[in-house]
Amino acid sequence: GAVVSQHPSRVICKSGTSVKIECRSLDFQATTMFWYRQFPKQSLMLMATSNEGSKATYEQGVEKDKFLINHASLTLSTLTVTSAHPEDSSFYICSAPDNRATNEKLFFGSGTQLSVL
Amino acid sequence: AQSVTQPDIHITVSEGASLELRCNYSYGATPYLFWYVQSPGQGLQLLLKYFSGDTLVQGIKGFEAEFKRSQSSFNLRKPSVHWSDAAEYFCAVGARRGSTLGRLYFGRGTQLTVWP
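Since the structure is predicted, the reported quantities are computational estimates derived from the model, not experimental observations.

> Explanation requested: the overall build of chain B in the structure shown.
Counting its secondary structure elements, chain B contains zero helices and 12 strands. When the elements of chain B are put in sequence order from the N terminus, they spell out β-β-β-β-β-β-β-β-β-β-β-β. Along the first, second and third principal axes, the C-alpha atoms of chain B reach 45 × 30 × 25 Å. Buried positions account for 47% of the 116 residues belonging to chain B. Sequence separation of 24 or more characterises 55% of the internal contacts of chain B that already satisfy a separation of 6 or more.

The following block contains the structure:
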């Protein structure tokens, strides 16, 4: 079946560095992907909607310049956490809908645990 | 406004006992409802979803959920819990189609502990 691949699964970085997270749809084209963030013991909150070939749509309160999203192809969206700080440490997860079938399917990546020292 | 309420933060049951996790939603259109499970440090695994049709939905691992429109609820059930079911469970609601398909609103989760 359709799979969404997310890399890396875990990353530890120093404060001030930038981290790139990739989300790939492996056997379907995803014109839209979604990025969520999950703090420990909390729910998943939508950060932004990634749109192929156009700008991402950010949720209220999410800093566009901090969380750069690029959706350059129909199978790849990237989230770059720029100048990461300890408060950015979180679990980031992407999802992509497969619109090919009448009963649309939604697939999640396996998530990325970011730890900023 | 769209929202999902999971009233129970933490539930503890004995292995073999029945389970019901509650979920209530508020959504401006006919919803697409999901239950996901998450083990520590892991991603999300889809247990089941309701799109249309039969309001009693069967999922993986012996789980089922019932969509009750009048109560805006989508409670998850399992007749006999196994120790391996211990995890965090999330209810989510989203659009059924269109440009916002895939944009989900999640409840805060219910942590399930299973006693041997």
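What follows picks up the thread again.
> How do you make sense of the overall build of chain A when you look at a structure like this?
The secondary structure content of chain A amounts to zero helices and 11 strands. Secondary structure elements of chain A, listed N to C terminal, follow the sequence β-β-β-β-β-β-β-β-β-β-β. Relative to the compact-globule value of 13 Å for 117 residues, chain A shows a C-alpha radius of gyration of 14 Å, a close match. Once the C-alpha set of chain A is aligned to its principal axes, its extents read approximately 45 × 25 × 20 Å. Long-range contacts, defined as pairs at least 24 residues apart, comprise 53% of the intrachain contacts of chain A with a sequence gap of at least 6. A total accessible area of about 5,800 Å² is found for chain A, and carbon and sulfur atoms account for 52% of it. Side-chain charges in chain A split into 11 positive and 10 negative, and the spacing between the mean points of these groups amounts to 6 Å.

> Help me out: how do you make sense of the pairing of strand S2 (residues 10-14) of chain B in this one?
Consecutive residues of a regular strand have side chains that alternate between opposite faces of the sheet. Residue and element names in this part refer to chain B. Burial along S2 is one-sided: Ile11 and Val13 are buried, while His10, Thr12 and Ser14, pointing the other way, are not. As defined by bridge partners, S2 adjoins strand S12 (residues 110-115) across five bridges and the pair is classed as parallel. Looking at the pairing, Ile11 lines up with Leu112 of S12.

> Whenever I open this one, the interface of chain A and chain B confuses me. Can you help?
For interface size, the figure often reported is the accessible area lost on association. Opposite the 21 residues of chain A that make contact, chain B presents 21 residues. Summed over both partners, the interface of chain A with chain B comes to about 1,600 Å²; 56% of that surface belongs to carbon and sulfur atoms. At the surface where chain A touches chain B, the tally comes to one salt bridge. Our count for the contact surface shared by chain A and chain B stands at four residue pairs in polar contact (both at pLDDT 80 or more). For the side of chain A that touches chain B, the elements supplying multiple residues, two or more each, are strand S4 (32-38), strand S5 (44-51), strand S9 (90-98) and strand S10 (105-108) of chain A.

> Before we go on, may I ask you to explain the pattern of salt bridges in this structure?
Oppositely charged side chains can form a pair if their charged atoms are brought close together. Throughout the structure, instances matching the rule amount to seven salt bridges over all chains. For Glu59 of chain A, the salt bridge goes to Arg103 of chain B, with nearest N and O atoms at 2.9 Å. Separated into two different chains, Glu59 of chain A in the loop between strand S6 (57-58) and strand S7 (67-73) and Arg103 of chain B in the loop between strand S10 (87-94) and strand S11 (104-106) make up a pair that spans both. Among the residues examined, Glu59 of chain A registers a relative accessible area of 18% and is labelled buried. Linking Asp8 of chain B and Arg22 of chain B is a salt bridge whose minimum nitrogen-to-oxygen distance equals 2.9 Å. Taken as a pair, Asp8 of chain B in the loop between strand S1 (3-5) and S2 and Arg22 of chain B in the loop between strand S3 (19-21) and strand S4 (24-26) lie far apart in primary sequence, 14 residues in all. Three or more residues joined by partner-sharing salt bridges are found here, namely Glu64, Glu66 and Arg77 of chain B.

> How should the side chain of Thr32 of chain A be read in this particular structure?
Along the polypeptide, Thr32 of chain A turns up in strand S4. Not counting the four nearest positions on each side in its chain, Thr32 of chain A is found in contact with Thr49, Ser50, Asn51, His71, Ala96 and Pro97 of chain A.

> Honestly, the pairing of S12 of chain B in this entry has me stumped. Any pointers?
All names here are of chain B. Burial along S12 is one-sided: Thr110, Leu112 and Val114 are buried, and none of Gln111, Thr113 and Trp115, which face the opposite way, are. Sheet analysis places S10 next to S12, joined by three bridges and oriented antiparallel. If you follow Glu88 over to S12, its bridge partner there is Gln111.

Cut-off values and rules
- Residues numbered from 1 in each chain as written.
- Chains lettered and ligands numbered in written order.
- Predicted model: local features only at pLDDT ≥ 70, side-chain atom pairs only at ≥ 80, totals over all residues.
- Heavy atoms only, no water.
- Helix = DSSP H or I, 4+ residues; strand = E, 2+ residues; numbered from the N terminus.
- Buried < 20%, exposed > 50% of the residue type's maximum accessible area, 1.4 Å probe, protein only.
- Contact = heavy atoms within 4.5 Å.
- Rg over C-alpha atoms; globule rule 2.2 N^0.38 Å.
- Areas by Shrake-Rupley, 256 points an atom, 1.4 Å probe, with all protein chains shown as cover.
- Lys, Arg positive; Asp, Glu negative; His and termini not counted.
- Charge placed at Lys NZ, Arg CZ, Asp CG, Glu CD.
- Pairing = 2+ DSSP bridges.
- Buried area = accessible area lost by both parts, 1.4 Å probe.
- Salt bridge = Lys/Arg side-chain N within 4 Å of Asp/Glu carboxyl O.
- Polar contact = N/O pair within 3.5 Å; in protein donor to acceptor, adjacent residues only side chain to side chain.

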